[in-house]
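Per-entry structural report
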Amino acid sequence: MSIMQYNGGCLVGMKGKNCVAIASDRRFGVQALGLSTNFQRMFSVSNRLYYGLAGLGTDVQTLSEKFRMSVNMYKLKEERDIAPTTFASLVSSTLYERRFGPYFSEPVIVGLEKDDTPFICATDLIGCINFAKDFVVTGTSSEQLYGMCEALWEPDLEPEDLFETISQAMLNAVDRDALSGWGAVVHVITPTQVITRTLKGRMD
Amino acid sequence: MEVLIGITGKDFVLLTADTTSARSIVIMKQEEDKTRELNKHNLLLTIGEAGDAVQFAEYIQRNIKLYEIRNGVPLSTKAVAAYTRREMADSLRSRNAYQVNILIGGVDPKTGTPELYWSDYLAASQKMPFATQGYASYFVMSTMDRYWRPDLSLAEARALLQKCFDELKKRFIGNLPSFLIKVVDKEGIRTID
């Protein structure tokens, strides 16, 4: 079995009209055995920038700790919040540093730029950035998520509509994947606030 | 064939490890203690590769004690779990990684709030209301899903643990005749039947 499918889990990020959303499932397991229903896969960099990590659980935790330190150092030195594009480059180079012994984790980054333009991107496990215009997906149910997002997404969704869209994409995609699901969390980021909601989904 | 089980209750953590020490087909000892007290309110249980389990447990135990000596205050359960995960994660991609699966149970000394952390040999750590390591997981997690509630009393938790032992006795091919059961609460760590 692939090491990327050892713990399971998935993420999706979407662009809306002056807003972005990111959603993850909450399952943590060891191959077929599900262990926890509240594994944290999404982390905030600031109130305008969130990222998530799918893949091997230990690398999700190690990378989140590494990024927390890098961003804290950046903030101390630069005396300002890190921009989404800069953070994406930071993630990319951190991953490529381990080109021949990589972290088994694929991140999704969503945020609002300084002028409130929505920004989303994802990278592979060695840091190749995909600057998407519409949505990004990663994890064990990425293929299901691609299908759901392609069907449901449309440009310029308002925050409330974007929430509904990303939630349905997540809930229905994970229901077709044994290693994902067991709950879901969604963050919707707008220039004024971040709304976090926990979804009620199938717990099987 | 080793087993660790942890259950959080109202204001305590009930932790148990089997006491069998075996190599291949031979049981060498039936009174092995797979736990190490990290400080007054935190207990570490380790199973895994021969040697690694004990070496890692004692390494963590000594460093937690050192922190307490240097800083004059004991570490919280969350801090202990984070430190242990960091040590395991650092060792993971080094020349010789520890192959140890652990449970860390502890309570907040002031409030008695219990915390239980599960971590496998890959250093993925997760706080859980009840947890197991080893083959027991496949049998006992479901039993605890069914019968665990928050705010269990010690007697209720011990009864739940007995259900787990009975399940293993009935359905697990490995023979695990005896377990060492410890309770961590505001008073400290003690062994119970």
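Residues numbered from 1 in each chain as written. Chains lettered and ligands numbered in written order. Predicted model: local features only at pLDDT ≥ 70, side-chain atom pairs only at ≥ 80, totals over all residues. Heavy atoms only, no water.

**Thoughts on the sheet that holds strand E12 (residues 188-192) of chain B**
Residues and elements named next belong to chain B.
- A sheet is described by the order of its strands in space; here five strands give the open sequence E10-E1-E2-E11-E12, paired in antiparallel fashion. Looking at the sheet topology across the chains shown, the edges are occupied by strand E10 (130-134) and E12. Neighbour-to-neighbour, the strand axes of the sheet open up by a mean angle of 15 degrees, direction not taken into account.
- In this structure, strand E1 (residues 3-8) lies alongside strand E2 (residues 12-18), joined through five bridges in antiparallel fashion. Within E2, the position partnered with Ile5 by the bridge is Thr16. (Pairing = 2+ DSSP bridges. Helix = DSSP H or I, 4+ residues; strand = E, 2+ residues; numbered from the N terminus. Axes fitted to C-alpha atoms, helices over the stretch in contact; angles between N-to-C directions.)

**Here's the deal with the nonpolar core**
- Of all hydrophobic cores here, the largest spans 65 residues; its most connected members are Phe87(A), Ile109(A), Ile5(B), Ile7(B) and Met144(B).
- Counting residues per element, this core draws most heavily on helix H4 (residues 154-171) of chain B, at six residues.
- Each residue touching Ile7(B), except ones within four places of it in the same chain, is listed here: Phe12(B), Val13(B), Leu14(B), Leu116(B), Pro129(B), Phe130(B), Met144(B), Trp148(B), Leu152(B), Ala157(B), Leu160(B) and Leu161(B).
- Judged by nonpolar contacts, the second largest core, of 24 residues, contains Cys19(A), Ala21(A), Ala23(A) and Trp153(A). (Core = buried A, V, L, I, M, F, W, Y, C linked by side-chain atoms within 4.5 Å. Buried < 20%, exposed > 50% of the residue type's maximum accessible area, 1.4 Å probe, protein only. Contact = heavy atoms within 4.5 Å.)

**Considerations on helix H2 (residues 84-96) of chain A**
All names here are of chain A.
- Taking 1.5 Å per residue, 13 residues should reach 18 Å; H2 reaches 18 Å between its end C-alpha atoms and fits that length.
- When H2 is considered as a whole, its buried residues turn out to be Pro84, Phe87, Ala88, Val91, Ser92, Thr94 and Leu95. Buried residues along H2 cover an arc of 165 degrees about the axis, so they all sit on one side.
- Residues of H2 that are buried make contact with strand E5 (42-46), strand E6 (49-55), helix H1 (57-78), strand E7 (105-112), strand E8 (118-123) and strand E9 (129-130). (Expected span 1.5 Å × (residues − 1). Arc of directions from axis to C-beta.)

**With respect to the side chain of Thr143(B)**
All names here are of chain B.
- Examined against the element boundaries, Thr143 turns out to sit in helix H3 (residues 136-147).
- A distance of 3.4 Å separates the side chain of Thr143 from the backbone oxygen of Phe139, its partner in a polar contact.
- Every residue in contact with Thr143, bar those within four places of it in the chain, is listed here: Leu160, Lys163, Cys164 and Glu167. (Polar contact = N/O pair within 3.5 Å; in protein donor to acceptor, adjacent residues only side chain to side chain.)

**A few points about the confidence of the model for chain B**
Residues and elements named next belong to chain B.
- When pLDDT is averaged along chain B, the result is 95, and 100% of the positions lie at 70 or above.
- Within chain B, no element has a lower average pLDDT than strand E3 (residues 21-23), which sits at 93, and none a higher one than strand E8 (residues 114-119), at 98.
- With pTM at 0.95, the complex prediction returns an ipTM value of 0.92. (pLDDT = per-residue confidence, 0-100.)

**Quick look at the pattern of salt bridges**
- Taken as a whole and judged by the stated rule, the model has 18 salt bridges over all chains.
- For Arg93(B), the salt bridge goes to Asp59(A), with nearest N and O atoms at 2.6 Å. You can see Arg93(B) sitting in the loop between helix H2 (77-92) and strand E7 (100-107) and its partner Asp59(A) sitting in helix H1, one on each of two chains.
- The exposure class assigned to Asp59(A) is buried, which follows from its relative accessible area of 2%.
- Here Arg149(B) makes a salt bridge to Glu156(B), at a shortest N to O gap of 3.4 Å.
- Ionic contacts of the salt-bridge type, sharing partners, join the residues Glu65(A), Arg85(B), Arg86(B) and Asp90(B) into one network. (Salt bridge = Lys/Arg side-chain N within 4 Å of Asp/Glu carboxyl O.)

**A word on the interface of chain B and chain A**
- Counting from both sides, the interface comprises 18 residues of chain B and, opposite them, 19 residues of chain A.
- In total, chain B and chain A occlude about 1400 Å² of area from one another, counting both sides; carbon and sulfur atoms represent 53% of this.
- A per-residue breakdown of the area chain B buries against chain A is headed by Arg85(B), Arg93(B) and Gln126(B), which together make up 37% of the total.
- Between chain B and chain A we count three salt bridges in total.
- In this assembly, chain B and chain A are joined by twelve residue pairs in polar contact (both at pLDDT 80 or more).
- Within the residue set of the side of chain B that touches chain A, elements represented by two or more residues are H2, strand E9 (125-127) and H3 of chain B.
- Per element, the largest residue contribution to the side of chain B that touches chain A is four residues, and it comes from H2(B).
- In the side of chain B that touches chain A, the residues fall into ten nonpolar, three polar and five charged. (Buried area = accessible area lost by both parts, 1.4 Å probe. Nonpolar A, V, L, I, M, F, W, Y, C, P; charged D, E, K, R; others polar.)

**Side note on the pairing of strand E11 (residues 179-185) of chain B**
All names here are of chain B.
- The buried count for E11 comes to six of seven residues, which makes it a mostly enclosed element.
- Summarising the sheet, E11 and E12 pair through five bridges and their orientation is antiparallel. Each bridged residue has a counterpart across the sheet, and for Lys182 the counterpart in E12 is Thr191.
- The turn joining E11 and E12, which pair antiparallel and follow one another in sequence, is formed by two residues.

**A closer look at the pairing of strand E11 (residues 184-189) of chain A**
Residues and elements named next belong to chain A.
- Counted residue by residue, E11 has six buried out of six residues, so it is predominantly covered.
- Burial along E11 is two-sided: the residues Ala184, Val186 and Val188 and Val185, His187 and Ile189 are all buried.
- Pairing analysis gives six bridges linking E11 to strand E12 (residues 194-199), with the strands arranged antiparallel. Bridge pairing links Val185 to Thr198 in E12.
- Following E11, the chain reverses through four residues before pairing antiparallel with E12.

**Regarding the packing of H1(A) against H2(B)**
- Following both chains from N to C, one finds H1(A) and H2(B) inclined at 105 degrees, their axes separated by 11 Å at the closest point. Our classification of the angle between H1(A) and H2(B) gives roughly perpendicular. Across the interface between the two elements, Thr58(A), Gln61(A), Thr62(A) and Glu65(A) from H1(A) touch Arg85(B), Arg86(B), Ala89(B) and Leu92(B) from H2(B).
- Here the residues of the contact of H1(A) with H2(B) are counted per class, giving two nonpolar, three polar and three charged. (Parallel < 35°, antiparallel > 145°, perpendicular 65-115°, else oblique.)

**With respect to H2(B)**
- With 16 residues, H2(B) should reach 22 Å at 1.5 Å per residue; the first-to-last C-alpha distance of 22 Å fits that figure.
- Here H2(B) has its buried residues at Thr77(B), Val80(B), Ala81(B), Thr84(B), Arg85(B), Glu87(B), Met88(B), Ala89(B) and Ser91(B).

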